[in-house]
Amino acid sequence: MQIKDLMTPNVRTIGPDNSLRDAALVMAECDVGALPVAEGDRLVGMITDRDIAIRGVALGKHGDAQVSEVMSAEVLYCFADESIEDVCANMGDVQVRRLPVLSHDKRLLGIVSLADLATSAQSESAGMALEAITRPGGEHSQINDTRM
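To keep things clear, this report deals only with the structure shown in the data block.

Reading the values: the criteria
- Here the residue numbering is sequential within each chain, running from 1 through the sequence in written order.
- Given that this is a predicted model, residues contribute local features only at a pLDDT of at least 70 and side-chain atom pairs are listed and counted only at 80 or more, while totals for whole chains, interfaces and linings are drawn from all residues.
- Hydrogens and water molecules were not included; the side-chain quantities draw on all heavy atoms of the structure.
- As used here, the term nonpolar core means buried Ala, Val, Leu, Ile, Met, Phe, Trp, Tyr and Cys residues forming a set that is joined through side-chain atoms within 4.5 Å.
- Partly exposed describes any residue whose relative accessible area lies between the buried limit of under 20% and the exposed limit of over 50%, with all areas from a 1.4 Å probe on protein chains only and scaled to the type maximum.
- By the criteria applied, helices consist of DSSP H or I runs no shorter than four residues and strands consist of E runs no shorter than two, each listed in order from the N terminus.
- Contacts were defined at the residue level, with two residues in contact if any of their heavy atoms lie within 4.5 Å.
- Fitting a line to C-alpha atoms yields each axis, with helices limited to the stretch in contact; the angle taken between N-to-C directions then spans 0 to 180 degrees.
- For this classification, under 35 degrees means roughly parallel, over 145 means roughly antiparallel, 65 to 115 means roughly perpendicular, and everything else is oblique.
- The sense of a crossing depends on the near helix, which, turned anticlockwise from the far helix by less than a right angle, makes the crossing left-handed and, turned clockwise, makes it right-handed.
- When residues are grouped by polarity, Ala, Val, Leu, Ile, Met, Phe, Trp, Tyr, Cys and Pro land in nonpolar, Asp, Glu, Lys and Arg in charged, and all others, Gly among them, in polar.
- Only Phe, Tyr and Trp rings take part, Trp by its six-membered ring, and two of them pair if their centres are within 6.5 Å. Stacked means planes under 30 degrees apart, edge-to-face means over 60, and tilted covers everything else.
- When we speak of the arc, we mean the arc of directions from the helix axis to the C-beta atoms.
- The salt bridge definition used is simple: a Lys or Arg side-chain nitrogen within 4 Å of an Asp or Glu carboxyl oxygen.
- Here a strand pair is declared whenever DSSP counts at least two bridges between the two strands.

### Looking at the nonpolar core
Alright, step 1. Formed by 15 residues in total, the largest nonpolar core has its most connected members in Ile-3, Cys-78, Val-87, Leu-99, Val-101, Val-112 and Leu-117.
Alright, step 2. A per-element tally of this core places helix α3 (residues 84-94) first, with four residues.
Alright, step 3. Contacts of Cys-78, omitting those with residues within four sequence positions, involve Ile-3, Val-87, Leu-99, Pro-100, Val-101, Leu-102 and Val-112.

### Brief notes about unusual backbone geometry
Alright, step 1. With a phi close to 55 degrees, Asn-10 is a non-glycine residue in the positive phi region.
Alright, step 2. Under the relative-accessibility criterion, Asn-10 is labelled exposed at 72%.

### Notes on the packing of helix α1 (residues 20-30) against helix α2 (residues 49-56)
Alright, step 1. Remark: α1 packs on α2, axes separated minimally by 10 Å, with the N-to-C direction vectors making an angle of 150 degrees. With respect to their mutual orientation, α1 and α2 come out roughly antiparallel. Along this stretch, α1 crosses α2, giving a crossing that reads as left-handed. Between α1 and α2, the contacting residues are Leu-20, Ala-23, Ala-24 and Met-27 on the first element and Asp-49, Ile-52 and Gly-56 on the second.
Alright, step 2. In terms of residue class, the contact of α1 with α2 is built from five nonpolar, one polar and one charged.

### Points about the packing of aromatic side chains
Alright, step 1. One pass over the full model with this rule turns up one aromatic pair.
Alright, step 2. Relative to Phe-79, the ring of Tyr-77 has its centre 5.5 Å away and its plane inclined at 75 degrees; by these criteria the two rings are edge-to-face.
Alright, step 3. By relative accessible area, Phe-79 is classed as buried at 18%.

### Considering α3
Alright, step 1. Along α3, the residues that are buried comprise Ile-84, Val-87, Cys-88, Met-91 and Gly-92. What you see down the axis of α3 is that its buried residues fit within an arc of 135 degrees, all on one side.
Alright, step 2. Where α3 terminates, the next one or two residues include Gln-95, which has phi positive at roughly 55 degrees.

### Describing the pattern of salt bridges
Alright, step 1. One pass over the full model with this rule turns up five salt bridges.
Alright, step 2. A salt bridge links Asp-41 to Arg-107; the shortest N-O distance between them is 2.5 Å. You can see Asp-41 sitting in the loop between β2 (34-39) and β3 (42-48) and its partner Arg-107 sitting in the loop between β5 (98-102) and β6 (108-113), a full 66 residues away along the chain.
Alright, step 3. Judged by relative accessible area, Arg-107 falls into the partly exposed class, the value being 40%.
Alright, step 4. Asp-51 is the salt-bridge partner of Arg-55, the closest N and O atoms lying 3.2 Å from each other. Here the residue Arg-55 and the residue Asp-51 both occupy positions in helix α2, the gap between them amounting to four residues, near one helical turn.
Alright, step 5. When its relative accessible area of 7% is taken as the criterion, Arg-55 is described as buried.

### Considering the sheet that holds β5
Alright, step 1. Pairing is mixed in the open sheet, where four strands are placed in the order β1-β6-β5-β4. The open sheet has two free edges, formed respectively by β1 (8-9) and β4 (78-79), since each of these has just one partner strand.
Alright, step 2. Bridge count between β5 and β6: five bridges; the pairing is antiparallel. Within β6, the residue paired with Val-101 across the bridge is Gly-110.

Okay, structure coming up:
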């Protein structure tokens, strides 16, 4: 089975110049905790509800601050034709709970989350990914963020 079989298609994006309030409203409307950040058709980052809370509110930023001020600028992703096992292993290695799913010409097709993986027939792979993702620290820990 490939990631395209599990991903959530038709993902909403937000621009880096939009406000944190805009991002939070889109997250609430879509009932999601993360949004890909795009300029035109190019992904430039990801923003999560945790980014808004930790890198935004906790550091005194207001709702009118820009998404670019708190987003993760490193764009981690997977391709639609990758196997579930490979994506689970990658998510565990880089300790992220969600990945944008791209075509090979780097167009956003959807997003895959740990929850998507856990509901698949490959739940053992998802369990191993969860164990790796939830290890304390790691490269993508907000504790290691230089903005803090």
